[in-house]
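# Descriptive analysis of the structure
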Amino acid sequence: MAFIIDGKKIAAEIKDELKQKVTKLTEDGVAITLAVIQVGNDPASSVYVGNKKKACEYVGINSLSYELAESTTQEELLSLVEALNADAKINGILVQLPLPSQIDEDLVIKTISPTKDVDGFHPQSVGALSIGQKGFISCTPGGVIQLLKRSGIPMEGKECVIIGRSNIVGKPMALLMLRENATVTVCHSRTKNLMEVAKRADILIVAIGKPLFVTKDFVKEGAVVIDVGIHRDAENKLCGDVDYQDVLEHVSAITPVPGGVGPMTIAMLMNNCVEAVTKSK
Ligand code: GUN
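Read on for a plain summary of the structure. (Residues numbered from 1 in each chain as written. Predicted model: local features only at pLDDT ≥ 70, side-chain atom pairs only at ≥ 80, totals over all residues. Heavy atoms only, no water.)

### Comments concerning the sheet that holds strand β2 (residues 33-39)
Two pairing modes exist for strands in a sheet, parallel and antiparallel, and in both the strands are linked by backbone hydrogen bonds. The parallel open sheet is built from three strands, whose spatial order is β3-β2-β4. This sheet does not close on itself; its edge strands, each paired only once, are β3 (62-68) and β4 (92-95). Neighbour-to-neighbour, the strand axes of this sheet turn through a mean angle of 15°, independent of strand direction. By the bridge criterion, seven bridges tie β2 to β3 in an arrangement that is parallel. Paired with Ala35 across the two strands is Leu64, which belongs to β3. Sheet strands touched by helix α2 (residues 43-59): β2, β3 and β4. Its angle to β2, the strand with the most contacts, is close to 170°. (Pairing = 2+ DSSP bridges. Helix = DSSP H or I, 4+ residues; strand = E, 2+ residues; numbered from the N terminus. Axes fitted to C-alpha atoms, helices over the stretch in contact; angles between N-to-C directions. Contact = heavy atoms within 4.5 Å.)

### Observations regarding the layout of surface pockets
Estimates place the volume of the largest pocket at around 1400 Å³. Residue lining of the largest pocket: 48 residues in total, with Tyr48, Thr140, Ile230, Gly262 and Thr265 positioned closest to the centre. Breaking the lining of the largest pocket down by element, the ones donating at least two residues are α1 (7-27), α2, α6 (139-150), β9 (231-232) and α10 (262-278). By residue number, the principal contributor to the lining of the largest pocket is α2, which donates eight residues. Considering only residue class, the lining of the largest pocket consists of 26 nonpolar, 13 polar and nine charged. (1 Å grid on protein atoms, 1.4 Å probe; cavity = no way out; pocket = protein on both sides within 12 Å on 5 of 7 lines; lining within 4 Å. Points joined across faces, edges and corners; volume = space filled by probe spheres on them. Nonpolar A, V, L, I, M, F, W, Y, C, P; charged D, E, K, R; others polar.)

### Re the side chain of Lys52
Structurally, Lys52 is set in helix α2. Nearest to the buried, unbridged Lys52 among oppositely charged side chains is Asp119, at 5.0 Å. When near neighbours in sequence (up to four residues on either side) are disregarded, Lys52 contacts Leu94, Gln96, Ile266, Leu269 and Met270. (Buried < 20%, exposed > 50% of the residue type's maximum accessible area, 1.4 Å probe, protein only. Lys, Arg positive; Asp, Glu negative; His and termini not counted. Salt bridge = Lys/Arg side-chain N within 4 Å of Asp/Glu carboxyl O.)

See the structure below:
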């Protein structure tokens, strides 16, 4: 029987631990404030932003909302980010992605102060991670590490195969697994013999962005499978990058969709907000 990794439960544990920390900080007169910027009103982004603000409220972090029009110019957004960088009362800045096409996302990310980069997307944060220095860790891959650790799944010396090489998940995921002393292979759309490579994995992490892409033919008997994808299937039900029903009998542990990696991203964002006031970056 496969062990189902309960991301909802683990995320709730993390948020409860953070809530206790924030209560102590508040007693010591330390407040935490996250600025959340959304440009336009993409419905998916509005749901994510709403969930982030709800989590802030639960943990005891102040959230300040900036809801900007779809037509906002790059200069206007950069001026807001610069003003928030300079405001000592703001501890974290989150600009919800994607941004409208008139705005250069990379430039916006680069403008956020690395000391307030709670998403962990700034080149300085990514660079620090790659050479083992202090910096914010991107929330989704950071959440995957917590899922594995808190489920008692060892990483040291294990064959870890990551399918997907995005800047937000695949690449930082590889660096984090290396830091845990796993042997890491990163695959992508041009990898030859993807199935055979994936089948080497003791821990298979899938972040390729294609619904139900990974079937049992990609999975070694007894592997741990982590599914980072989230999509709607033909019946409008949520599904991941992994064909869960197909692989279930073959794995030792697996994350479901929904309720696996998803809830961890927000828990790790809350963790980064707390670290913004408790650890120097
Ligand atoms: N859009 C989708 N995921 C994320 C995320 O983790 N952070 C931000 N800022 N935007 C996103």
